[in-house]
Structures are given as structure tokens and as C-alpha cells.
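Per-entry structural report
Residues per chain, in single letters:
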Amino acid sequence: MMNLYSGTTDPFSHRCRIVLFEKGMDFEVIDVDLYNKPEDIAVINPYNRVPVLVDRDLVLYESNIINEYIDERFPHPQLMPPDPIMRARARQLLHTFEHELFSHLEALEANQKGVDKVRAHVRDHLTQLAPIFTKQKFMLGEEFSMLDVAIAPLLWRLEHYGIELPKAAAPLMKYAERIFSRQGFIDALTPSEKVMRR
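What this report covers is the structure whose coordinates are included nearby. Small disclaimer: the values here were computed from a predicted structure and weren't measured. (Residues numbered from 1 in each chain as written. Predicted model: local features only at pLDDT ≥ 70, side-chain atom pairs only at ≥ 80, totals over all residues. Heavy atoms only, no water.)

Moving on, we come to the layout of surface pockets. Its volume calculated, the largest pocket comes out at about 500 Å³. Lining the largest pocket are 17 residues, with Asp10, Leu34, Arg49, Glu106 and Glu109 positioned closest to its centre. Where the lining of the largest pocket is concerned, the elements lending two or more residues are helix H1 (11-23), helix H5 (105-110) and helix H8 (158-161). Of the residues assigned to the lining of the largest pocket, the class counts are 9 nonpolar, 3 polar and 5 charged. Each pocket or cavity is described by its volume, and for the second largest pocket that value is around 250 Å³. In terms of lining, the second largest pocket is formed by 14 residues, of which the most central are Phe12, Arg49, Glu62, Ser63 and Glu98. For the lining of the second largest pocket, the secondary-structure elements that each account for two or more residues are H1 and helix H3 (63-73). Among the elements that make up the lining of the second largest pocket, the one with the highest residue count is H3 (3 residues). (1 Å grid on protein atoms, 1.4 Å probe; cavity = no way out; pocket = protein on both sides within 12 Å on 5 of 7 lines; lining within 4 Å. Points joined across faces, edges and corners; volume = space filled by probe spheres on them. Helix = DSSP H or I, 4+ residues; strand = E, 2+ residues; numbered from the N terminus. Nonpolar A, V, L, I, M, F, W, Y, C, P; charged D, E, K, R; others polar.)

In C-alpha cells:
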């Protein structure tokens, strides 16, 4: 059985929980208090961060690496495109999300000085994505994919981070509601995450 060490409010752990529940696999989630991490996290992950996936002798960290491993090992339903060109584009977009959006989450969580600039940056980048969803249901078309998994935890936390999207982002918020209504997403939420949105 796979074990996922997961932060109860960590957006990166949230991604991994979504994939595990979407796949309907046999796994155990081990909740980790981000403010009081057990020592074994530092032993299994040199960066002392979650998520960490332990599958027999294999130990993986970094949510996108964990999720691609799960997707390749349990290909139904497939979350990465089967076509090499589309898969490369998906990986490029995942990298863009990390760089343009998720690299700012620490500042949003800490509510540091200058956080308003960070909020504006994230808001503007998300708003630029909105037109995609006037033509299609999900990030890569009509099928739910790893890109939807990757961005979902941020969309869920917008209110928590104090980010208000403009009216122009309405298609993006309709898209977010489609993700939030999926059973895999609902099952992946921790009690702490459920209260992040009204």
C-alpha cells in the first residue's frame, strides 16, 4: 500500500491527494502538522517538506513528480496526455504554473510585507487563463487532466489568500466549480481545507 505524508493545509499535498482519490487506489494518507513535523519527514526527504510518497522501497517528493509516477503506475483514468507532444506541452504548462503562480504561495501564506503586489500578480495571471474556459471544460480540452489537478488547490484557496478575481475571470471561476464538484476533489479535502472557502 502507498503512504502519502501530507500536510493538512498544504496545497502541494492537496494535489497528490486529488490524484490518489481520482484514481480510486488503495493508499493511506498520513497527516502531517506543518508547524510540528515529525522527525521522520527530514529522514525520508532531505528538504524536510511534504508531500512525500512512500511505495515499498521507493520514496518520492515534489508533487508533480509524485503525481506523474502515480499516473504512470496506475494509468486509469489517465491524467497526463498519451501523445508525447501534448504531454510535453502539459509539462511546460506545469512548469509555468510553478514559476508564475505556486512560487508565490509562501509569501501569500505568510502575509508578508508587499503581499498586495503578489496578490495582484497571481490575480492577473489567473485572469489571463479565463478565455480558455469559454471554449472548453478543462485546461487541456474536454477531459480532466494533471493540469487541472495542479491548479485546483490554488483556486480553492483564493479567498483564504485574499485574492479577488475580476468579472473578466468569470469563465475561470465556472471552471473551478466544475473541478470542486468532482468526487475525487471533494474526497481529497481535509477538514482544515474545507473551511478555507465559504
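Next comes the rest of the write-up.
With that settled, consider the side chain of asparagine 67. Within the secondary structure, asparagine 67 is located in helix H3. Look past the residues within four positions of asparagine 67 in its chain and what remains in contact with it is Arg15, Cys16, Val19, Met146 and Val149. (Contact = heavy atoms within 4.5 Å.)

The next thing to look at is the sheet that holds strand S4 (residues 58-61). Backbone hydrogen bonds hold the strands of a sheet together, and the pairing may be parallel or antiparallel. The strand order S2-S1-S3-S4 describes an open sheet built from 4 strands, whose pairing is mixed. With partners counted over all chains shown, the strands left at the sheet margins are strand S2 (27-32) and S4, one partner each. For this sheet the average axis-to-axis angle between neighbouring strands, irrespective of direction, equals 20 degrees. Two elements, strand S1 (residues 2-7) and S2, share 6 bridges in a ladder whose sense is parallel. Among the inter-strand pairings, glycine 7 is bridged to a residue of S2, identified as valine 32. This element, H1, spans S1 and S2 of the sheet and lies at about 145 degrees to S1. H3 rests against S1, strand S3 (52-55) and S4 of the sheet, and its axis sits at about 130 degrees to S4. (Pairing = 2+ DSSP bridges. Axes fitted to C-alpha atoms, helices over the stretch in contact; angles between N-to-C directions.)

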